[in-house]
Amino acid sequence: MVSKKSAAGLAAAVGAAVLLGAGSAQAATAPGEAPAGPTALAKTDVGQALNGTTTGLGYGIAPIKSLRLDPWANSSADFLNNGAVLQPDQGLPEVGTGTLTGPLSAGGGVKDLPLVGGLTGLLPG
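So, how was this worked out
- Residues numbered from 1 in each chain as written.
- Predicted model: local features only at pLDDT ≥ 70, side-chain atom pairs only at ≥ 80, totals over all residues.
- Heavy atoms only, no water.
- Helix = DSSP H or I, 4+ residues; strand = E, 2+ residues; numbered from the N terminus.
- Buried < 20%, exposed > 50% of the residue type's maximum accessible area, 1.4 Å probe, protein only.
- Contact = heavy atoms within 4.5 Å.
- Areas by Shrake-Rupley, 256 points an atom, 1.4 Å probe, with all protein chains shown as cover.
- Lys, Arg positive; Asp, Glu negative; His and termini not counted.
- Salt bridge = Lys/Arg side-chain N within 4 Å of Asp/Glu carboxyl O.
- Expected span 1.5 Å × (residues − 1).
- Bend = angle between axes of the 7 residues up to and from the residue.
- Arc of directions from axis to C-beta.

### Focus: the overall build of the protein
Moving on, step 1. Counting its secondary structure elements, the protein contains 3 helices and 2 strands.
Moving on, step 2. In the protein, which comprises 125 residues, the share counted as buried stands at 12%.
Moving on, step 3. For the protein, contacts bridging at least 24 residues in sequence account for 59% of all contacts bridging at least 6.
Moving on, step 4. Roughly 9900 Å² of accessible area belongs to the protein as shown, and the carbon and sulfur atoms make up 66% of that amount.

So, in structure tokens, the structure goes:
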């Protein structure tokens, strides 16, 4: 049975051997010879690179925006389903917690929240 310490040491030794082996292969060329392989890197198309990044980021972020935040939503154990309402004097409209907790208690995600939901439209996906 191999212990974790010896496995980590073995992995470090293999990594060092690979790195040293790659360095010695480059050093093996004579000073007057040109190194094998391409001499210049290809130009990077910035537009395509940004398009690929935002597309990949969109696929990664889209599920997070609709992720259900309240695991007990639509159940009898949902503590966000209980609300408190305050009726102020002088004919002002009532103020309650249902406006903030209602979207979560219905099983919504970050995109369904009253204030934060509008900001999630700025994220790709």
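So, next bit.
### Regarding the side chain of Asp78
Moving on, step 1. In this structure, Asp78 sits in the loop between helix 2 (46-65) and strand 1 (85-86).
Moving on, step 2. The buried charged residue Asp78 lacks any salt bridge, with Arg68 as its nearest oppositely charged partner at 7.7 Å.

### Brief notes about the environment of Gly109
Moving on, step 1. Turning to its location among the elements, Gly109 is positioned in the segment after helix 3 (98-105).
Moving on, step 2. We classify Gly109 as buried; its relative accessible area is 2%.
Moving on, step 3. When near neighbours in sequence (up to four residues on either side) are disregarded, Gly109 contacts Lys65, Ser66, Leu67 and Leu69.

### Regarding helix 2
Three or four residues apart is the spacing at which side chains of an α-helix point the same way, because the helix has 3.6 residues per turn.
Moving on, step 1. With 20 residues, helix 2 should cover 28 Å at 1.5 Å per step; its first-to-last C-alpha distance of 28 Å lies within 8% of that length.
Moving on, step 2. Tyr59 marks the point of greatest bend in helix 2, at about 25°, and the proline Pro63 comes within the next four residues.
Moving on, step 3. Residues of helix 2 that are buried include every one of Gly58, Ile61 and Lys65, and no others.

### Notes on the environment of Gly121
Moving on, step 1. Locating Gly121 in the fold gives a position in the segment after helix 3.
Moving on, step 2. Note on Gly121: relative accessible area 60%, which makes it exposed.
Moving on, step 3. Considered as a pair, Gly121 and Lys111 are 10 residues apart in the sequence and their alpha carbons are 8.0 Å apart.

### Some remarks on the environment of Ala106
Moving on, step 1. Here Ala106 shows up in the segment after helix 3.
Moving on, step 2. For Ala106 and Asn74, which are 32 residues apart along the polypeptide, the C-alpha to C-alpha distance reads 6.0 Å.
Moving on, step 3. Those residues in contact with Ala106 that lie beyond four places of it in its chain are Ala73 and Asn74.

### Regarding helix 3
Moving on, step 1. Within the span of helix 3, buried status applies to Thr101, Leu104 and Ser105. Projected down its long axis, helix 3 shows its buried positions confined to an angular sector of 95°, all on one face.
Moving on, step 2. Gly107 lies just past helix 3 and shows a positive phi near 95°.

### Brief notes about unusual backbone geometry
Moving on, step 1. With a phi close to 60°, Asn74 is a non-glycine residue in the positive phi region.
Moving on, step 2. According to the relative accessible area criterion, Asn74 is exposed, its value standing at 63%.
Moving on, step 3. One non-glycine residue with positive phi stands out, namely Gln90, at about 60°.
Moving on, step 4. With relative accessibility at 75%, the residue Gln90 sits in the exposed group.

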